[in-house]
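The primary structure of each chain is shown beneath.
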Amino acid sequence: MDINGLKFGIIGGGIGGLAAALALRHQGAHVTVLEQAPELAEVGAGLQISANGMVVLRALNVVGKTPGAGVRSFGTVLRDYRAGRFVSEIPEPAAGPTYYYHRADLLGLLHKAALREGVEFRLGSRVTEVCEHPSGVEIALKGGASLHVDCAIAADGGRSEIRSSLNGPEVPEFTHQVAWRATIPWARRDQKPCAVLTMGPGRHVVTYPLRDHTLMNLVAVEERSDWHEEGWRLRGDPEELRARFADFGGLVGEMLEQVQEPNIWALFLRPVAERWQNGRVVLLGDAAHPTLPFMAQGACLALEDAWVLMRSFRDSTDVTQALAAYEACRRPRAQRVVAAAGANARNFHLRGPMRLAAQAALMALGPRLARRYEWIYSHDATV
Ligand SMILES: Cc1cc2nc3c(=O)[nH]c(=O)nc-3n(C[C@H](O)[C@H](O)[C@H](O)COP(=O)(O)OP(=O)(O)OC[C@H]3O[C@@H](n4cnc5c(N)ncnc54)[C@H](O)[C@@H]3O)c2cc1C
């Protein structure tokens, strides 16, 4: 169908919302992004965008052949925690390199491209309700204003209220895992930058460089049951972080020493939504398929969603059919990636003999590990 002039309201100005806004605007749609925050800003942290996400960023003209502010990755190195002993190396996927972005930089690139294309932004606009009518959708905002659109896209993140309104209330399951994240100044430049995954009993740390190798991104995950706060912006105590990872040595130990203002949050498991759409309202990104961070795929899936949603309109005769086609196309892949991320949560934290046996297997498998996930990275949502 021709969506030229059709009105879309996008709830949420995260990576998924902005990518969808841009994709639909490229087809001539009139797009308004409603974001509750007063500005589009991300807490300092990194994102790995693998080949399947990069292909969408390129198709949307957000990045060209060069990756904008991203640092090219040459693979992942696995290390043991005590002295940072080398365990194995996973080369870059055959599908193409991953790039490391500061979240604020990637969001900035998407925002700039969307403004250039004429996407409208209403910041400080919290959506309170979405009501479908025969002629369209009424999106109600906090404070009493509302917006009438032909289609509403809920890209309102892992704790999406629109998902609850389509699917009923949900009870998220605490994973008994808590994540810390921080960036630190780090001027040492590797010839071939890699993500380093350092594995210890009940804990792991992932590090990779950002912003032309001036910053190091650090995510530390521990099994723990006495912390249940889910907000991304909660400040943690750097001394507590160091104490909890005190037996992590080598380079990662040095990095932990430099952390000053970590964020901390508890990881909760929410299922892939049973119902993604309802005639003229549809879920996208984490709102449809909340994903644990252990495959580094949440943002990449949101980018893929955005492209497929736009294409579903191109290939359908009306809004309802387009949304159903989008869900049918995206659900199996999202479910498979979400399951792979959940399995990794266990693999990283093995203890005692299980850990040593797993390390021996990792050493033996080496480069073949990359092939195991090639189905994720080689997926091209734009063809
Ligand atoms: C530690 C960590 C590391 C990660 N690393 C990676 C990685 O390396 N690679 C990767 O691909 N993914 C990664 N992810 C996942 C990725 O961050 C998310 O999957 C991605 O940000 C989801 O984007 P989204 O647009 O769907 O939602 P979000 O980014 O959560 O955006 C939702 C937006 O909606 C707004 N909003 C919510 N409710 C309302 C409302 N009622 N009205 C208006 N606005 C509203 C919010 O303010 C927010 O701006 C990681 C996640 C974590 C936690």
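See the structure above.
Reading the values: rules and limits
- Residue positions are given per chain, counted from 1 along the sequence in the order it is written.
- Restriction of local features to residues with pLDDT of at least 70 applies here, the model being predicted, together with a cutoff of 80 or more for giving and counting side-chain atom pairs; totals for whole chains, interfaces and linings are based on all residues.
- The side-chain quantities take in all heavy atoms of the structure and omit both hydrogens and water.
- Whether a residue is near a molecule or strand depends on its heavy atoms: if one lies within 4 Å, it is near.
- We define a polar contact as two N or O atoms separated by no more than 3.5 Å, with the added condition that, inside protein, one atom must be a possible hydrogen donor and the other a possible acceptor, whereas residues neighbouring each other in sequence contribute only through side-chain atom pairs.
- In these tables, accessible area is a Shrake-Rupley quantity obtained with a 1.4 Å probe, and a residue counts as shielded only by the protein chains included in the view.
- Counting from the N terminus, the helices are the DSSP runs of H or I reaching at least four residues and the strands are the DSSP runs of E reaching at least two.
- Gly falls in the polar group here, along with every residue not listed as nonpolar (Ala, Val, Leu, Ile, Met, Phe, Trp, Tyr, Cys, Pro) or charged (Asp, Glu, Lys, Arg).
- Two strands make a pair as long as DSSP finds a minimum of two bridges between them.
- Helix axes use the C-alpha atoms of the stretch in contact, all axes being lines fitted to C-alpha atoms, and the angles between their N-to-C directions lie in the range 0 to 180 degrees.
- Working rule for helices: expected span equals 1.5 Å times residues minus one.
- Two residues form a contact once any of their heavy atoms are found within 4.5 Å.
- Every case where a carboxyl oxygen of Asp or Glu lies within 4 Å of a side-chain nitrogen of Lys or Arg is listed as a salt bridge.
- Three exposure classes are used, based on accessible area relative to the maximum for each residue type with a 1.4 Å probe and protein chains only: buried under 20%, partly exposed in between, and exposed over 50%.
- In this analysis, rings of Phe, Tyr and Trp, with Trp reduced to its six-membered ring, are considered paired at centre separations within 6.5 Å, and the interplanar angle assigns stacked below 30 degrees, edge-to-face beyond 60, and tilted for intermediate values.
- Cavity means a closed set of points on a 1 Å grid over the protein atoms alone, one where a 1.4 Å probe fits but cannot get out, pocket means an open set with protein on both sides within 12 Å along at least 5 of 7 lines, and lining means a residue has an atom within 4 Å of a point.
- Grid points are joined across faces, edges and corners, and a volume is the space filled by probe spheres set on the points.

Novice: Go over the site of the ligand, please, and point to the residues and values.
Specialist: Taken together, 28 residues sit near the ligand, with Gly16, Glu35, Gln48, Arg103 and Asp286 positioned nearest. A distance of 2.7 Å separates an oxygen atom of the ligand from a polar side-chain atom of Arg103. Asp286 is positioned with one of its side-chain polar atoms (N or O) 2.8 Å from an oxygen atom of the ligand. When isolated, the ligand has an accessible area of 1000 Å², and the protein chains bury 89% of it. Of all elements in the fold, only α1 (15-26), β2 (30-35), β3 (46-49) and α7 (298-314) reach the threshold of two or more residues within the shell around the ligand. For the shell around the ligand, the class distribution of residues is twelve nonpolar, eleven polar and five charged.

Novice: I'd like a rundown of the sheet that holds strand β11 (residues 146-149), residues and numbers included.
Specialist: In a beta sheet, neighbouring strands pair by backbone hydrogen bonds and run either parallel or antiparallel. Pairing is antiparallel across the open sheet formed by three strands, whose spatial order is β9-β10-β11. Two strands bound the open sheet, and with one partner strand each, they are β9 (127-133) and β11. With strand direction ignored, the average angle separating the axes of adjacent strands in the sheet is 15 degrees. Strand direction decides the pairing type here: strand β10 (residues 136-141) and β11, joined by four bridges, are antiparallel. Considered in β11, the bridge of Ile139 is made with Leu147.

Novice: An account of helix α3 (residues 103-117) is requested, with residue identities and associated values reported.
Specialist: With 15 residues, α3 extends 21 Å from end C-alpha to end C-alpha; this agrees with the ideal 21 Å at 1.5 Å per step. The elements touched by buried residues of α3 are α1, β3, α2 (51-59), β7 (99-102), β8 (120-123) and β13 (173-185). Following α3 by one or two positions, Gly118 has its phi on the positive side, about 95 degrees.

Novice: Tell me what's going on with the pairing of strand β6 (residues 86-91), and back it up with residues and numbers.
Specialist: Side chains on a regular strand alternate between the two faces of the sheet. Across five bridges, the pairing between strand β5 (residues 75-80) and β6 is antiparallel. Bridge pairing links Thr76 to Ile90 in β6. In this structure, the hairpin formed by β5 and β6 is closed by a connection of five residues, where Gly84 is found at a positive phi of approximately 75 degrees.

Novice: Provide a residue-level description of the pattern of salt bridges, including the pertinent values.
Specialist: Using the criterion set out here, one finds 21 salt bridges in the structure. We note a salt bridge from Arg270 to Glu170, for which the minimum N-O separation is 3.1 Å. With a gap of 100 residues between them, Arg270 in the loop between β17 (263-269) and β18 (281-283) and Glu170 in the loop between α4 (161-167) and β13 connect regions that are remote in the sequence. A residue is classified by how much of its surface remains accessible, and Arg270, at 11% relative accessible area, is buried. Under the relative-accessibility criterion, Glu170 is labelled partly exposed at 28%. Note that Arg330 is salt-bridged to Asp305, the shortest N-O span being 2.5 Å. With Arg330 in helix α8 (residues 319-347) and Asp305 in helix α7, this residue pair connects regions lying 25 residues apart in the sequence.

Novice: Mind laying out the packing of aromatic side chains, listing which residues take part and the relevant values?
Specialist: Summed over all chains, the structure comprises six aromatic pairs. On the basis of an interplanar angle of 90 degrees and a centroid distance of 5.1 Å, the ring pair of Phe8 and Phe313 is categorised as edge-to-face. Within this pair, whereas Phe8 is found in strand β1 (residues 7-11), its partner Phe313 is found in helix α7, the two being separated by 305 residues in sequence. Look at Phe245 and Phe248: their rings are 5.2 Å apart centre to centre, the planes differ by 70 degrees, and that puts the pair in the edge-to-face class. With respect to class, Phe245 is no different from Phe248; both count as buried.

Novice: Would you mind going over the layout of surface pockets in detail, with residue names and values included?
Specialist: One simple way to see leftover space: roll a probe sized like a water molecule over the atoms. Volume-wise, the second largest pocket comes out at about 340 Å³. Counting only elements with at least two residues in the lining of the second largest pocket, the list comes to β5, β14 (195-200), β15 (203-210) and α6 (250-258). At four residues, α6 tops the list of elements feeding residues into the lining of the second largest pocket. A class-by-class count of the residues in the lining of the second largest pocket yields eleven nonpolar, five polar and four charged.

Novice: Describe the sheet that holds β18, and please don't skip the residues or the numbers.
Specialist: If you walk across this open sheet you meet the five strands as β8-β2-β1-β12-β18, and the pairing is parallel. Strand pairing shows two members of the sheet lacking a second neighbour, β8 and β18, which therefore form its edges. Strand-to-strand, the axes of this sheet are offset by a mean angle of 20 degrees, without reference to chain direction. Here four bridges tie β2 to β8, and the two strands are oriented parallel to one another. Directly across from Val33, in β8, lies its bridge partner Phe121.

Novice: Account for the environment of Tyr81, with residues named and values stated.
Specialist: The residue Tyr81 is located in the loop between β5 and β6 in this model. Given a relative accessible area of 6%, Tyr81 falls into the buried group. In sequence terms Tyr81 and Arg233 are 152 residues apart; their C-alpha atoms lie 27 Å from each other.

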